[in-house]
Amino acid sequence: MPLMPARVKYRKNQRGRRKGVAYKGATIAFGEYGLQALENCWLTNIQIEAARVALTRHLQRGGRVWLRIFPDKAVTKKAAETRMGKGKGAVDHWVAVIKRGRMLFEIEGTPEGVAKEAMRLAAHKLPMRTRFLTRHPVNV
């Protein structure tokens, strides 16, 4: 079952603007390690699920994973070979609006090497640049 809201106030959203920096949800709040977005983008429910599956498969049911994003914006699409006019198209898929700095996933309960590799595999499923963060950076 795809990630999508159970119900929404309005069926069809306007596109909005993909600019700016995330102030909320930009720090590690739950786990020990996090994957942070470095670019603004729309993440589809399919991309989020693919990254989550890659992450949990590498952890082999060890540790705990938090999804810090949810696709709550409806994206519409008109049918192929449709003439102009006749209103806005039907809802095609759902996206999460990601601003740079937003924490996407968090993990705890695994060694740093395993967590880093799991986040790398998850990041390959995403359409933007990301970085791996730890809650307590090592003093260098």
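Our structure's up above, just so we're on the same page.
Residues numbered from 1 in each chain as written. Predicted model: local features only at pLDDT ≥ 70, side-chain atom pairs only at ≥ 80, totals over all residues. Heavy atoms only, no water.

**A few points about the pattern of salt bridges**
Using the following cut-off: Only one rule defines a salt bridge in this text: a Lys or Arg side-chain nitrogen within 4 Å of an Asp or Glu carboxyl oxygen. Runs of E in the DSSP output that reach at least two residues are strands. Runs of H or I that reach at least four are helices, and both are numbered from the N terminus. Here the term buried applies to any residue with accessible area under 20% of the maximum for its type, exposed to any over 50%, and partly exposed to those in between, with areas from a 1.4 Å probe on protein chains only.
This structure, assessed with the given rule, holds four salt bridges. Where Arg52 meets Glu49, a salt bridge forms, and the shortest distance between an N and an O atom there is 2.6 Å. Separated by three residues within a single helix, Arg52 and Glu49 lie in helix H1 (residues 45-59), roughly one turn from each other. For Glu49, a relative accessible area of 30% gives the class partly exposed.

**A few points about the pairing of strand E1 (residues 33-37)**
The line we're drawing: For two strands to count as paired, DSSP must find a minimum of two bridges between them.
Across the five residues that make up E1, a large majority, five, are buried. Here E1 shows two buried faces, one formed by Tyr33, Leu35 and Ala37 and the other by Gly34 and Gln36. As paired strands, E1 and strand E6 (residues 103-108) are joined by four bridges and run antiparallel to one another. What sits directly across from Gln36, in E6, is Met103. Relative to strand E7 (residues 130-134), E1 runs antiparallel, the two being bridged by five bridges.

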